[in-house]
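Commentary on secondary and tertiary structure
Residues per chain, in single letters:
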Amino acid sequence: MTRLGITSLIREAMSAGNSHEEGRLVYRFGGEPVGSFVQPNLRPLVPSIAHAMFLDITHDNECPIQVRSAYDALPSSAIVSMACCASGSTRGYDELVPHQISVVKEERLYPKWNPDALQSSVGEVNLQTGIMAGKLALNKLHQELAEKGFTQVYVDQLDEDTVAVTRHCPSTHQSVVTVSRTAFKNPETHQYKEHLAPMYIPGKIEEVILEARTIERNAESYTKDETCINGLPNYTVVIREHVQLKDSEIVKQGDATTKGRSEFVEEILFEKLTPGSVITFRVSLDPNSQKMVGYLRTQLSQFNRLYKSGSLTDSNVPGILKVALEFLISKLTLAELNVLLFRCDAEEQEDGGGCYNIPSWMPLKYGGLQGFVSVLSELRPKNDLGHPFCDNLRQGDWMINYVSTRLMNKGGALREVGKWFSAVFTYLKHIPRYLVPSYFDGIIVGAYATAVDEIFNQMSSFVQNGSTLVKQLALGSVQMCGVGHVPALPPLSPELEDVPVRLNNVTKQEEQCCVSLAAGLPHFSTGIFRCWGRDTFIALRGLMLLTGRYLEARNIILAFAGTMRHGLIPNLLGQGVAARYNCRDAVWWWLQCIQDYCSIVPNGTDIITCPVSRMYPTDDSEAQPLGTVDHDQPLYVVIQEAMQRHIQGIVFRERNAGPQIDRNMRDEGFNVEAKVNPETGFVYGGNRFNCGTWMDKMGESDKAHNRGVPATPRDGSAVEIVGLSKSAVRWLMMMNESGNYPYSSVTIHRDGAEQSISYKEWNQLIQENFERLFYVSDDPADPNEQHPDLVHKKGIYKDSYGSSSAWCDYQLRPNFTIAMVVAPELFTVQRAWKALEMVEKKLLGPLGVKTLDPDDLVYCGVYDNALDIDNYNCAKGFNYHQGPEWLWPVGYFLRAKLYFAKKMGQEKYNESVYLVKNVLSRLYTHLERSPWKGLPELTNENGQYCPFSCETQAWSIATVLEALYDL
């Protein structure tokens, strides 16, 4: 506890002759501010002011009468008594002893109490002595305020000598206001202002609790007594208690007035508030405000029982408020909950709106409730009522109207929720403005919590029974998955059941409105840049399958299947019609998701026979109008086409090749190739002028001469593609054996001859060659090592095999951990463990995984896409995947670590669980603190914030959720 003596703490203020410091101390140590946010029972532990004991004087202070005047004792005590903390004094202050009483040398006795003592009696005191009568009344008031819950404080410096302190009860909204006119200088020798400005008190003044002033009376001059500690005999306090405002001798009632529609105030004229005077008012809300607060508290009590106190029943309550918000929200789909809670500015603009913008500050991150909750969660623990967000709420109804109008414009079940907000905000708009931030917080947070509960109700048992981190990450599914103004996915087959539809506002025709998955916010949220094949299918298992969103996952899988061309799934979807088929890995991630769907979803193998509406029936077809059955095929035919095309060999040139689709790529980069090596079974492809894997940064700096050069072409056989293809081949082999897939092999047509290779043979081919060709042995004489001179890190797995730049194969990157998860059978346990230890030692960062070995000559851990310099390795963000720490691979590293730790024994497994939880705790901390409530695309080296990263990325959230599922 901090002991505060007001005299010592404000010595400088006293010498300057003002009372500002007294008020500041009461504000700082004396309680929460008026209109404070309601704090939850469980809340973050944040730095706070130490509990204080506030004293008007301590034993080691100078005597205030010596440095100020006797007239100041009463108003200074009044200020202390209005603080919401323990208060105290030192004997002698109330008797106006005009010197410091030494606790060491003083041997005289204090006077005795005698209520009938005469004024001239030196050894006795009573209520007429000094300021004792005033102090008694102030102490009683201090106790009453504490007992009745007046926990909030507001300090107003009316002028250089006058301080008003308000104590407020947050449940009844009654206030007690004490106005103290200090007297740092003796009024007998100093000229104080005769006229004080009027004071305006919000609410209705019920009574004057007390009014008191220090006066001089006829008495002998002070003489220090030899046997008794005596005070100044010629001062006393005149006090009146519990009088009506009209009967006050200190103030006069001015005109009652209304500021706006919700600010009822009373004008107080100070007629005889002389230096050394104090007056205290009891104030209630005006009758209309009291009713509105009561009605509002009734509505809020559905979220928090604390609001039951002070609640009132509205006999004319709007019909929509007779329905619990929980019921209204239960009617929303997860796609509609995406609108209610999230949607970044670009998504809102697509609908003709935008996120709410606070002119003196910044726009919110989301148009939905999360945008407001993220700010309120920062303000609430600190009670930061001076923040521009709170100012905006006090100054007008713009923010309040935004919340309700935005939802009412949506239609359907969202409109009903909007009507609820509109009705409850009617009460909010008619309460005093200083209370609006607190009650707005109560409404928004209550509605948000209700919506979040409904989200979890609609998700899988893994989420419902999961940890706080699991649930926070599962919200990422709703954050990323939504339906835009224009559906991002191409239409599905009309033969497919349970496809969501809506009425197009322009055409008035029914259209499909399937949920699509945004790659990241805010950069990849709308238009053709919303959906990417690779990102979608890396994220789909975590965000949709593990959360139980099976139908929406099915629709996404089938929609992408409909856009297959050349045996590939598009990189950039562009609604199918503007798709780019320039990545070699998306099709393998798509196949992995179909496999995961079959294993996770009840009766999941049914998806194999679902109809797929083909947008491109042949490679050279123009985009066909979908929504008919003319080009339908079962999914298993489309899967087989992908496998067949790879084994045959995919070679084509991108359509519209040139600057109109890629302003940086060189001509050779538009040539796409993906094949299977018949000797190893490895999928390979690409060339040194394109980048067909997730590490796809294309140089764009003329100054550094890297324009048109991929930073990481990863041509040849990229390790994760080999792992994914092994997983797919193994799965199709097993599906065929179980009778769920009709094809047992693929066929190669070459030189007029036909040759078949079974999935069993293909599977075995990859198995036999993987470690032989990908493992970087400790043994320099290993016969499988073709380039021992290029080995930099031993005991790892190559990032690729057969690259046009052989040294790139040997770079330490985190991609082999992906293969470890999807095809663990490829790895020898001891070798895998050693390689994972190298990743942990060299690549693991606070949040993500370094994309390149920091010992590599081209490593650069800071990504700056705007920096155009002559440094070839990092100009214009050339180092995007050459060091910065990406988050999505960390999920695969953790999963691989857990898998192989189990193979290594209990001790290693326990150590690995500790490591995984350590990493997860850091991710949880970031998630909690992020206003986006997500995990970023990447960080700079050592977890530093990267301004060019997406603030929240689908695959970052998804793969961490998968690690938690494995844990």
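The following paragraphs examine the structure supplied in this document.

Rules and cut-offs
- Residues numbered from 1 in each chain as written.
- Predicted model: local features only at pLDDT ≥ 70, side-chain atom pairs only at ≥ 80, totals over all residues.
- Heavy atoms only, no water.
- Phe/Tyr/Trp six-rings, centres within 6.5 Å; stacked < 30°, edge-to-face > 60°.
- Helix = DSSP H or I, 4+ residues; strand = E, 2+ residues; numbered from the N terminus.
- Buried < 20%, exposed > 50% of the residue type's maximum accessible area, 1.4 Å probe, protein only.
- Lys NZ or Arg CZ within 6 Å of the ring centre and 35° of its normal.
- 1 Å grid on protein atoms, 1.4 Å probe; cavity = no way out; pocket = protein on both sides within 12 Å on 5 of 7 lines; lining within 4 Å.
- Points joined across faces, edges and corners; volume = space filled by probe spheres on them.
- Nonpolar A, V, L, I, M, F, W, Y, C, P; charged D, E, K, R; others polar.
- Expected span 1.5 Å × (residues − 1).
- Salt bridge = Lys/Arg side-chain N within 4 Å of Asp/Glu carboxyl O.
- Pairing = 2+ DSSP bridges.
- Patch = residues over 30% accessible without salt bridge, like charges linked within 9 Å, V, L, I, M, F, W, Y side chains within 5 Å.
- Areas by Shrake-Rupley, 256 points an atom, 1.4 Å probe, with all protein chains shown as cover.
- Contact = heavy atoms within 4.5 Å.
- Axes fitted to C-alpha atoms, helices over the stretch in contact; angles between N-to-C directions.
- Core = buried A, V, L, I, M, F, W, Y, C linked by side-chain atoms within 4.5 Å.

As a further point, take the packing of aromatic side chains. The full count for this structure, using the stated rule, is 45 aromatic pairs. Ring geometry for Phe774 and Tyr801: centres 6.2 Å apart, planes at 50°, overall tilted. Taken together, the positions of Phe774 in helix 23 (residues 759-774) and Tyr801 in strand 31 (residues 800-801) put the pair 27 residues apart, joining distant regions of the chain. Accessibility expressed as a relative area gives 18% for Tyr801, which makes it buried. Here Trp886 and Trp955 contribute two aromatic rings whose centre-to-centre distance is 6.2 Å and whose plane-to-plane angle is 70°, an arrangement assigned as edge-to-face. With a gap of 69 residues between them, Trp886 in strand 33 (residues 885-886) and Trp955 in helix 29 (residues 954-966) connect regions that are remote in the sequence. Per residue, the accessibility class of Trp886 equals that of Trp955, and both read buried. Counting every residue linked through ring pairs, the aromatic cluster contains Phe682, Phe770, Phe774, Tyr775, Tyr797, Tyr801, Phe816, Phe827, Tyr899 and Phe900. Here the basic side chain of Arg565 rests over the ring of Tyr616, its NZ or CZ set 3.9 Å away from the ring centre.

Space inside the largest pocket adds up to approximately 1,900 Å³. Taken together, 48 residues line the largest pocket, and the ones lying closest to its centre are Pro40, Leu42, Arg380, Val445 and Tyr448. The element best represented in the lining of the largest pocket is helix 15 (residues 436-457), accounting for 12 residues. The residue makeup of the lining of the largest pocket, split by class, is 20 nonpolar, 15 polar and 13 charged.

Moving on, we come to empty space enclosed by the protein. As enumerated under the stated definition, the model contains seven cavities of 30 Å³ or more in all. Each pocket or cavity is described by its volume, and for the largest cavity that value is around 200 Å³. Surrounding the largest cavity, 21 residues form its lining, Ile57, Cys63, Pro64, Tyr93 and Val97 being those nearest its centre. Its residues assigned to classes, the lining of the largest cavity comprises nine nonpolar, eight polar and four charged.

Attention now moves to helix 15. Here helix 15 spans 31 Å end to end across 22 residues, near enough to the 32 Å set by a 1.5 Å rise per residue. Burial analysis of helix 15 places 18 of its 22 residues in the buried class, the great majority of the element.

Here the focus is the pattern of salt bridges. A full pass over the atoms with the stated rule returns 52 salt bridges. Between Glu641 and Arg614 there is a salt bridge whose closest N-O contact spans 2.9 Å. With Glu641 in helix 21 (residues 635-648) and Arg614 in the loop between strand 21 (611-613) and strand 22 (632-634), this pair connects stretches of sequence that are 27 residues apart. As far as burial versus exposure is concerned, Glu641 and Arg614 are alike and both buried. Lys798 is the partner of Glu785 in a salt bridge, and the nearest nitrogen-oxygen pair spans 3.9 Å. Remark: Lys798 occurs in the loop between strand 30 (796-797) and strand 31 and Glu785 occurs in the loop between strand 29 (775-776) and strand 30; sequence separation between them is 13 residues. The same class applies to Glu785 as to Lys798, namely buried. Salt bridges here are not isolated pairs; linked through shared partners, they connect Arg343, Glu348, Asp351, Arg406 and Lys410.

Attention shifts here to the sheet that holds strand 34 (residues 938-939). Spatially, 32-33-34 is the arrangement adopted by the three strands of the open sheet, whose pairing is antiparallel. Each edge of the open sheet carries a strand with a single partner, namely strand 32 (849-850) and strand 34. Summarising the sheet, strand 32 and strand 33 pair through two bridges and their orientation is antiparallel. From the neighbouring strand, Val849 faces strand 33, where its bridge partner is Trp886.

Below, the discussion takes up a nonpolar patch on the surface. On the surface, a cluster of nonpolar side chains totalling about 290 Å² of accessible area is made up of Trp113, Leu127 and Leu136. On the secondary structure map, Leu127 appears in the loop between strand 6 (124-125) and helix 6 (132-147). In this structure Leu127 comes out as partly exposed when scored by relative accessible area, which is 35%.

Moving on: the sheet that holds strand 9 (residues 175-181). Reading across the sheet, the seven strands line up as 2-7-8-9-15-11-12 and stay open at both edges, with mixed pairing between neighbours. One side of each edge strand has no neighbouring strand; the edge strands of this open sheet are strand 2 (32-33) and strand 12 (235-243). In this sheet, strand 12 lies alongside strand 11 (residues 204-216) in antiparallel orientation, the contact comprising eight bridges. Note on strand 12: the bridge partner recorded for Ala212 is Ile239. Running over the sheet, helix 6 touches strand 8 (162-168), strand 9, strand 11, strand 12 and strand 15 (277-284) and is turned about 40° from strand 12.

Bringing the nonpolar core into the picture now. Leu340, Phe389, Phe421, Phe440, Trp590 and Ile594 are the most contacted members of the largest nonpolar core, which has 222 residues in total. Here this core takes 11 residues from helix 15, the largest share from any one element. Of all hydrophobic cores here, the second largest spans 21 residues; its members include Cys63, Leu96, Leu138 and Ala183.

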